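# Architecture at a glance
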Amino acid sequence: MVAFGKRLKETQIQEWQGYYINYKLMKKKVKNYVQQIEVSEQSHEYVLKDFSRILDKQIEKIVLFLLEQQGELASRLFILGQEHDVLVQQQDGSKLSELQQSYRDVGRELLQLLFFVEMNAIGVRKILKKFDKRCGYKFTNYYVKTRANHPYSQLRQIFKHVGVSAVVGTISRNLADLQDNKGNYTSIYDHPGLPLQDPIIGSINQAVDRLTNSTDFLHYLGKHALILPEELPTPSEDHAANERYHLMSLLLNLANAFLFMVNTYIIVPTADDYSMSLGAAATLCGAVIGSMAVAQVFSSVYFSAWSNKSYMKPLIFSSIVLLVGNTLYALAYDFNSICLLLVGRLFCGLGSARAVNRRYITDCVPRHLRMKASAGFVSASALGMACGPAVACLLQTNFKFLNITFNQDTLPGWIMALAWFIYLLCVWTTFREPPMEEIEDVLLPKSNSVSGKIENGFVQKGITQPLLLSEEETKQDEDEDQDCDNSEESAEEIQKPVTSIVSAYKLLTPSVKVQLLIYFMLKYAMEILLAESSVVTTYYFIWSTSNVAIFLACLGLTVLPVNIIVGGYLSNIFEERQVLLASEILVCLGIVLSFHVVIPYSVPQYVCSALITFVAAEVLEGVNLNLLSRVMSSRLSKGTYNGGLLSTEAGTLARVFADSTITLAGYWGMSRLLNVTLLPSLFICIFSIIATCFTYNSMY
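Here is a short report on the structure shown in this document.

Quick notes on the rules
Residues numbered from 1 in each chain as written. Predicted model: local features only at pLDDT ≥ 70, side-chain atom pairs only at ≥ 80, totals over all residues. Heavy atoms only, no water. Helix = DSSP H or I, 4+ residues; strand = E, 2+ residues; numbered from the N terminus. Buried < 20%, exposed > 50% of the residue type's maximum accessible area, 1.4 Å probe, protein only. Contact = heavy atoms within 4.5 Å. Areas by Shrake-Rupley, 256 points an atom, 1.4 Å probe, with all protein chains shown as cover. Expected span 1.5 Å × (residues − 1). Bend = angle between axes of the 7 residues up to and from the residue. Polar contact = N/O pair within 3.5 Å; in protein donor to acceptor, adjacent residues only side chain to side chain. Salt bridge = Lys/Arg side-chain N within 4 Å of Asp/Glu carboxyl O.

Summing up its helical and strand segments, the chain has 30 helices and 4 strands in all. Across the 700 residues in the chain, those meeting the buried criterion constitute 55%. The contacts in the chain between residues at least 6 apart in sequence include a share of 84% that link residues at least 24 apart. Put simply, the chain shows about 29,600 Å² of open surface, and 62% of that area lies on carbon and sulfur atoms.

What follows is the structure in structure tokens.
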């Protein structure tokens, strides 16, 4: 199979150029309108009508070309169907294989056509945005409102996909019939639940979803892992991924994510009691919980770098470090040592292998299973977050064995040490390390797949050139969107993973930076809520450890139901940007309701405000990461400094600052702890809302 980047011949590139939206012409018209308005005070109505007419003609050109190309694909499929009938009777295996390849070729050309539509859709969006900004009119609202629902609107034709669905159906059915090149054919109609494991079909469906902004729970949840997808891998990549794939190794990888989240949250209900039993203030729980996050800031980097060479060794090292860390945490009680307690949690943070978990899914899971594996990673993490406090609730006992104390404070450490020991044995005996040379091959750039990738919404080479401006034109255009900055990179640079945090930072557009700020904000607010829950509820409501654990477990159990609602329904009804902004406002509302002002602080006030804050933050996290996975540079999909590492670092730093805030706020006394810790959350939340409003239109 020839690589996707070589499918489009140079003659075809030149032929398609004339059918793209003429971005230079439209940009020139906008400048002319600005000059006319300044000089002759041209009427707004004339400008709106004239520009609408020009844009209508551009879109009509795109639609007619799209219909023409779909007709050509239909003709090719008709001819292939006739060949199919003849070859089935002959039972010639080699020719059947060639026929399969021919169907895939048609699928690849359909995918190119969808990229053509997507690039023009982005071009239309940029033109509308530029017009609004330069002319001061709300042209976008007028144009979309008048064209969205009209029965003869060409704008609607682009998003109907009737012809696309027919072509995809034909390709899918015939590839299913020819599966395994054997006479035992499987019908997609007799077995509708049977998935067709051909990457071209998945790529087409993803391209259609991008155009229609439709999604489902699986894809919505899977993108939370921020495992950035490649548009279409080469056959060698598909074969290599299948060779590296090992189900038991994947399950062990997901088990690591689950156990680590349990390890993180199992001590939250008892951290204040443990601190006081060692003679420290209850608010030291912030330092106890946060010390794990401090170490995780550094461990994420070296584990990400280590995963360039191996997966099994980092997981083994992680298990050993976590085993030691939890043991030290449990022994701190009998040694009456705060230092030992903090060192134990630092060791637990140094064992964070979440970067390895993400990287294994990216490199060693076949493409057709990658979204499911990503969703499994997120689900395992969410389940671990809920199970941690739930397990702590069950450890209400107190006894000694061999002069070692086992109580509600130390048992979380001993239980997790045992769990990591068992996990270590499982990894040692069951995990299968992918061949070293294959791992290195995955990390090397593929020069023959350049033009199939998308960079921040733009196909990086080939047929997209008419939409992009030259470097000189970009410098002259002061209002040009930051979205296309990365399109000026050379093809070689596009394929290289970034080699430093500085290089990764340079690839972040303003909208991506704002989304990382939002991620920081929501993690900060959630950590304040969770980490100080035991201290606050004990001071105001005299809750027991069991009550705190049950409350935190119930909060954790809302994660998956909320994501089902958002991923399955809300994201298909509202724009993700709208859900993003609404969620930020709800987080802000939850924080405001949490303050203790004048009236006595009550359980209903605390529970309701905590529920609003936590649920809104969960919705915000899902939508934010979903948007982030679309707009982040594809160069951040692999290498040490990848998109997953950046998001992990942003969230981890938020936890560090939040836990530090709790510890420092203890100096003002327990009566002021709640309000003092909530003030930074409120300020950061308000700042993120303002930043979101400024970059709202530039988000995907």
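All right, on to helix α13 (residues 285–306) then. Between its terminal C-alpha atoms α13 stretches 32 Å, which fits the 32 Å expected from 22 residues at 1.5 Å a residue. Along its length, α13 shows its largest kink, about 30°, at Val297.

This brings us to the environment of Lys523. Position of Lys523 among the secondary structure elements: in helix α23 (residues 510–531). Assessed through its relative accessible area of 19%, Lys523 is described here as buried. Between the C-alpha atom of Lys523 and that of Leu653, which follows or precedes it by 130 residues, the distance is 8.9 Å. Residues contacting Lys523, with those up to four places away along its chain left out, are Glu621, Gly651 and Ala654.

This brings us to the side chain of Ser307. Positionally, Ser307 belongs in the loop between α13 and α14 (312–335). Within the local environment of Ser307, its side chain forms a polar contact with the backbone oxygen of Ser304, the two atoms lying 2.6 Å apart.

Now for the pattern of salt bridges. In the structure shown here, the tally under the stated rule is 5 salt bridges. Here Asp50 ties to Arg53 by a salt bridge, and the two come within 2.9 Å at their closest N and O atoms. Taken together, the residues span about one helical turn, with Asp50 and Arg53 both in helix α3 (residues 44–90) at a distance of 3 residues. Judged by relative accessible area, which is 11%, Asp50 ranks as buried. A salt bridge links Glu60 to Lys57, with the nearest nitrogen and oxygen atoms 3.7 Å apart.

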